[in-house]
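So the chains spell out like this:
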Amino acid sequence: MKALLVAAGPKAREHLRRDGLRPQDVRAIPAAAGGPKGLALNHLDRFLFGDWLPRSDHTVHLLGASIGAWRMATGCLDDPARELAQMAADYIGQQYEHAPGKQPTATHVSQVFADNLVRQFGAREAQVLQHRRFRLHVFTSRGRHVLGRQGRLRTPVGYLGAFAANALSRRAMGGWLERVVFSDPRDALPLSLTDYRTHTAALDASNLRASILASCSIPFWLDAVNDIPGGPAGAYWDGGITDYHLHLDYASMHDGLALYPHFQKTVVPGWLDKGFKRRHRASAKLDNLIVLYPNPAWIATLPNGKLPDRADFKAWGDDVAGRQAAWTRAVHESERLRDDFEKWLDRPEADPL
């Protein structure tokens, strides 16, 4: 049984048939939101950033939302394979103080995340921002109007409005939440972002950790991050709200392919689109996209027959050691995704997206 499956748009499939896949073919790497699900990609990430991508010397744009932003920023550090392994260990090891029978407070969870980012990137911002080849782009969601500030009443009311607007159309949700991308100023993101209300800001040492924290700040689970330096004023939340799986216009790139290590085949536009199956379909925007994703049959062999996810915090409750053991095993088993990718490179075929 193959652990890794591959799907691609028509332009990408034609490239694979004609030329195979080489590191120099890849111009962009998106990385989805999805919390602990990203752990299953850890060994694949280590191989891509620690071994395969360094075989070329061209510029590669790294796009990330939520844990995807954290993964991509970590890939920019010196010795990325070691740093990505440490990131997985830190993520698995996270613990939150809480009253018996209650969830931890959003403020406490935010502080734990912030502390992890200090350990990962503190005093090492230059490694990310001055990487010779990689250009990082962190996706966040900024509240507008009633969502311009976090509040006990205004936040749930605002997200109810955003949900209703999104049910009409993704563009309509832009009245409540806009996409703010903190981008490496050395090179502009080489694809169009006209699909949704968007603001771009320069990524620098003053906002690197704040933007990643904001991109990971799930509403009601973490606090919003307010007034990120360099960006428009307001409350910032998880980049996955507007761009859950970064279903962007990769076809607008002038050249090259986008290589997407993902945890499923479908590319869902926003978090609130999860229930709208018609929005999960592939589009012409994905014509030059290659998606690497775990075989559902392989996923069934993992603890509890699924990828790690946020529901595990509640399912395992106070059995922190049990959750950590399950997640550690999932990361260990994910070595098969890496091994299958290496084998696939010898005969790079792909199913249609």
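Each value, and the rule that gives it
In every chain, residue numbers begin from 1 and rise along the written sequence. Under the rules for a predicted model, residues below a pLDDT of 70 receive no local features and side-chain atom pairs below 80 are neither given nor counted, while totals for whole chains, interfaces and linings still include all residues. Where side-chain values are given, they derive from all heavy atoms of the structure, hydrogens and water being excluded. Helical segments are the DSSP runs of H or I of at least four residues, strand segments are the runs of E of at least two, and each set is numbered from the N terminus. With C-alpha atoms as the basis for the radius of gyration, the globule rule is written as 2.2 Å multiplied by the number of residues raised to the power 0.38. Each residue is placed in one exposure class: buried if its accessible area under a 1.4 Å probe, protein chains only, is under 20% of its type's maximum, exposed if it is over 50%, and partly exposed if it falls in between. The Shrake-Rupley method, run with a 1.4 Å probe, gives the accessible areas here. Residue values count only the displayed protein chains as cover. The charged-residue count follows a simple rule in which Lys and Arg add positive charge and Asp and Glu add negative charge, with His and chain termini not counted at all. A charge is said to be at NZ when it belongs to Lys, at CZ for Arg, at CG for Asp and at CD for Glu. Every residue pair with non-hydrogen atoms within 4.5 Å of one another is taken to be in contact. By definition here, a helix of n residues has an expected span of 1.5 Å times n minus one. Read the arc as the range of directions from the helix axis to the C-beta atoms. Paired strands are those between which DSSP finds at least two bridges. Pairing of aromatic side chains here covers Phe, Tyr and the six-membered ring of Trp, requires ring centres within 6.5 Å, and sorts the geometry by plane angle: under 30 degrees stacked, over 60 edge-to-face, intermediate tilted. Only lysine NZ and arginine CZ atoms are considered, and such an atom sits over a ring when it is within 6 Å of the ring centre and within 35 degrees of the ring normal.

A.B. asks: Tell me about the overall build of the protein chain, residues and numbers included.
C.D. replies: Across its full length, the protein chain carries 13 helices and 11 strands. Its C-alpha atoms give the protein chain a radius of gyration of 19 Å, within 12% of the compact-globule value 20 Å for 353 residues. In terms of its C-alpha atoms, the protein chain occupies a principal-axis envelope of roughly 55 × 45 × 45 Å. Across the 353 residues of the protein chain, 57% fall into the buried class. Just so you have it, the protein chain exposes about 14500 Å², and 52% of that area is on carbon and sulfur atoms. Measuring between centres, the 45 positive side-chain charges of the protein chain sit 6 Å from its 38 negative side-chain charges.

A.B. asks: A description of the side chain of S66 should follow, citing residues and the corresponding values.
C.D. replies: Relative to the helices and strands, S66 is located in the loop between β3 (60-65) and α3 (67-75). If we ignore the near neighbours within four places in the chain, the residues touching S66 are A33, S215, C216 and D238.

A.B. asks: Help me get a handle on helix α7 (residues 154-168), residues and values and all.
C.D. replies: Given 3.6 residues per turn, any residue in an α-helix points the same way as the ones three and four places further on. Taking 1.5 Å of rise per residue, the 15 residues of α7 would be expected to cover 21 Å, and the 21 Å separating its terminal C-alpha atoms lies within 8% of that figure. Listing the buried residues of α7 in full gives T155, G158, Y159, G161, A162, A165 and N166. Projected onto a plane normal to the axis of α7, the buried residues spread over an arc of 155 degrees and lie on a single side. Away from the buried face of α7 by more than 90 degrees, exposed residues V157, L160 and L168 are located.

A.B. asks: With reference to specific residues and values, describe the environment of Q103.
C.D. replies: Inspection of the secondary structure puts Q103 in the loop between α4 (80-93) and α5 (106-121). Separated by 118 residues in sequence, Q103 and W221 place their C-alpha atoms 9.0 Å apart.

A.B. asks: Mind laying out helix α12 (residues 320-333), listing which residues take part and the relevant values?
C.D. replies: Taking 1.5 Å per residue, 14 residues should reach 20 Å; α12 reaches 20 Å between its end C-alpha atoms and fits that length. Of all the positions in α12, only G322, R323, Q324, A326, W327, A330 and V331 are classed as buried. Residues of α12 that are buried in the fold lie against α2 (42-52), α4, α11 (311-316) and α13 (335-344).

A.B. asks: Which residues make up unusual backbone geometry, and what values go with them?
C.D. replies: One non-glycine residue, H145, lies in positive phi territory at about 60 degrees. Positionally, H145 belongs in the loop between β4 (134-143) and α7. In this structure H145 comes out as exposed when scored by relative accessible area, which is 59%. With a phi angle near 50 degrees, D227 is a residue other than glycine that sits in the positive phi range. Looking at the secondary structure, you find D227 in the loop between β7 (225-226) and β8 (235-237). Overall, the relative accessible area of 36% leaves D227 in the partly exposed class.

A.B. asks: Tell me about the pairing of strand β9 (residues 257-261), and name the residues and values.
C.D. replies: Extensive coverage of β9 is indicated by the burial of five of its five residues. Across the two faces of β9 the burial is the same, with L257, L259 and P261 and A258 and Y260 all buried. Taken together, the two bridges between strand β2 (residues 26-31) and β9 define a ladder with parallel strand orientation. Paired with V26 across the bridge in β9 is L257. The pairing of β9 with strand β10 (residues 289-294) spans four bridges and is parallel. Across the sheet, residue A258 finds its bridge partner in β10, namely L289.

A.B. asks: Help me get a handle on the packing of aromatic side chains, residues and values and all.
C.D. replies: All told, the structure shown has 13 aromatic pairs when counted by the stated rule. Measuring from centroid to centroid gives 5.5 Å for F49 and F134, while their planes differ by 85 degrees, and the two rings are edge-to-face. Highlighted residues: F49 in helix α2 and F134 in strand β4, separated in sequence by 85 residues. Comparing F49 with F134, the two get one shared label, buried. Taken together, the ring pairs in this structure connect W70, Y91, Y96, F113, F313 and W327 into an aromatic cluster. Above the face of the F276 ring, R279 is positioned so that its terminal group lies 4.5 Å from the ring centre.

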